[in-house]
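Below are the chains, spelled out letter by letter.
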Amino acid sequence: MAQQALKGDMFVWEGTDKSGKRIKGEMSGASDSLVKATLRRQGINPLKVRKKPKSLLGGGKKKITTKDIAVFSRQLATMMSSGVPLVQSFEIVGRGHENPSMQELILTVKADVEAGNSLGDSLAKHPLQFDELYVNLVRAGEAAGILETLLHKVATYKEKTEAIKAKIKKALTYPIAIVVIAFVITAILMIFVIPQFAELFKGFGADLPGMTQMVVTLSNAFVKYWWAIFGAIGLAVFAFAQAKKRSPAFNHFMDRAILQAPVFGQIITKATIARYARTLGTMFAAGVPLVEAMQSVAGASGNIVYEKAILRMRDEIATGTQLQSTMRESGLFPNMVNQMVAIGEESGALDTMLNKVADFFEEEVDNAVDNLSSLMEPIIMSVLGVLIGGLVVSMYLPIFKMGQVV
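In short, a report on the structure. (Residues numbered from 1 in each chain as written. Predicted model: local features only at pLDDT ≥ 70, side-chain atom pairs only at ≥ 80, totals over all residues. Heavy atoms only, no water.)

Helix and strand counts for the chain come out as 16 helices and 3 strands. Here the C-alpha atoms of the chain give a radius of gyration of 29 Å, more than 25% beyond the 22 Å that 2.2 N^0.38 yields for 406 residues. The C-alpha extent of the chain, read off along each of the three principal axes, is 90 × 65 × 35 Å. Scored against the burial criterion, the 406 residues of the chain give a buried share of 40%. Looking at the chain alone, contacts between residues at least 24 apart form 62% of all its contacts between residues at least 6 apart. Accessible surface, the chain: about 21,800 Å² in total, of which carbon and sulfur atoms supply 61%. Here the chain carries 44 positive and 36 negative side-chain charges, and the mean point of each set is 7 Å from the other. (Helix = DSSP H or I, 4+ residues; strand = E, 2+ residues; numbered from the N terminus. Rg over C-alpha atoms; globule rule 2.2 N^0.38 Å. Buried < 20%, exposed > 50% of the residue type's maximum accessible area, 1.4 Å probe, protein only. Contact = heavy atoms within 4.5 Å. Areas by Shrake-Rupley, 256 points an atom, 1.4 Å probe, with all protein chains shown as cover. Lys, Arg positive; Asp, Glu negative; His and termini not counted. Charge placed at Lys NZ, Arg CZ, Asp CG, Glu CD.)

Before going further, it helps to spend a moment on the packing of helix H10 (residues 248-260) against helix H13 (residues 304-318). Closest axis-to-axis distance for the H10/H13 pair is 8 Å, and the angle between their directions is 100 degrees. Classified by the angle their axes make, H10 and H13 are roughly perpendicular. The segment H10 lies against H13, with Pro248, Asn251, His252, Asp255, Arg256 and Leu259 engaging Ile304, Val305, Tyr306 and Lys308. Grouping the amino acids of the contact of H10 with H13 by side-chain chemistry returns 5 nonpolar, 2 polar and 3 charged. (Axes fitted to C-alpha atoms, helices over the stretch in contact; angles between N-to-C directions. Parallel < 35°, antiparallel > 145°, perpendicular 65-115°, else oblique. Nonpolar A, V, L, I, M, F, W, Y, C, P; charged D, E, K, R; others polar.)

Turning next to the pattern of salt bridges. Across all of its chains, the model carries 11 salt bridges by this definition. Lys110 is the partner of Glu114 in a salt bridge, and the nearest nitrogen-oxygen pair spans 3.4 Å. Residue Glu114 and its partner Lys110 are located together in helix H5 (residues 100-114), separated by 4 residues, close to a single helical turn. Since its relative accessible area comes to 49%, Glu114 is described here as partly exposed. Here Lys110 falls in the buried class, since its relative accessible area comes to 9%. With a closest N to O distance of 3.1 Å, Asp315 and Arg314 form a salt bridge. By relative accessible area, which is 43% here, Asp315 ends up partly exposed. One network of salt bridges, in which partners are shared, links Glu91, Lys110 and Glu114. (Salt bridge = Lys/Arg side-chain N within 4 Å of Asp/Glu carboxyl O.)

Function cannot be inferred from these measures alone, as they are strictly geometric.
Laid out in structure tokens, this is it:
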């Protein structure tokens, strides 16, 4: 069936489902009329059907990103809430996805479900795309008969975590990008511009100012050993990437160091607490037992320091200790968080309190990143001005000196 559906041209369609909601996607077929007929059989009223331009077809496979999974989760939840059966929802979402790799993954899962497997078991066969947390939530939804509701919770969870990851990347990549640009500009000046001035200064027949002489000396060293400088930087980046990938001890050191870093440490800490609260709140609301949920929460924390602490908390909870007590003993959570969790446990609304904590800290991260960006811009511009301006001024000092002599 799946192979037959792939034959023919690819068409882009827009239509409305049974509830009147506007949806769109892609479907292969021999003609637009056959595509319209297929859509009507699926309960969709086609409004527009047009052949997809050849330039947009193919393009090779692309990597499946976390954002792809988040979008897929929301689309699947929406389709099922509209009354479309699970298998048919997979067909519609899969055919309409722009990423060929994601389309292939969705149709593979659909085939497993059609073969009689549960959705949770079908997703578990693809651990790189659907982690343990995702699979556990789906299984909980299937067991309780509230799969549509859980899919909406999963989609919300994925969207929230992706948004906070984007904020963290913004906070970290902006200064790094500026440093790289500053280094490239400095290297260009050192290798190509300053040597031209140095040749000009040789004909002056006078001693150069100390600042100019220092820059010329640095430029000569840069021109002579540029391969060693760039090689050392490349080797350092490669070594860092390998250590990050292979060494748990190095990762633990980096995660602990970044939590203690000025300014950035506070942002990372708040983001980690937000992820912890959002993940645990989502799983607890889905009916996953607390001890079992803590295992997935630890993996989703994104920081080894918190991951190890959460696993210790899980062991203590298994012996009968309350969650808020284990959190307080860990020393990693602010008093406000401990108090809200304690209130949630006492009132039986732990998931609600955890989601409130997540909302609060996500907003804190948003504000911190915006404030950091506003603060970093004048600092970075000042540093660049001093660095690049200093190089330019040092080259013009001898010319100014000659003007004064004349």
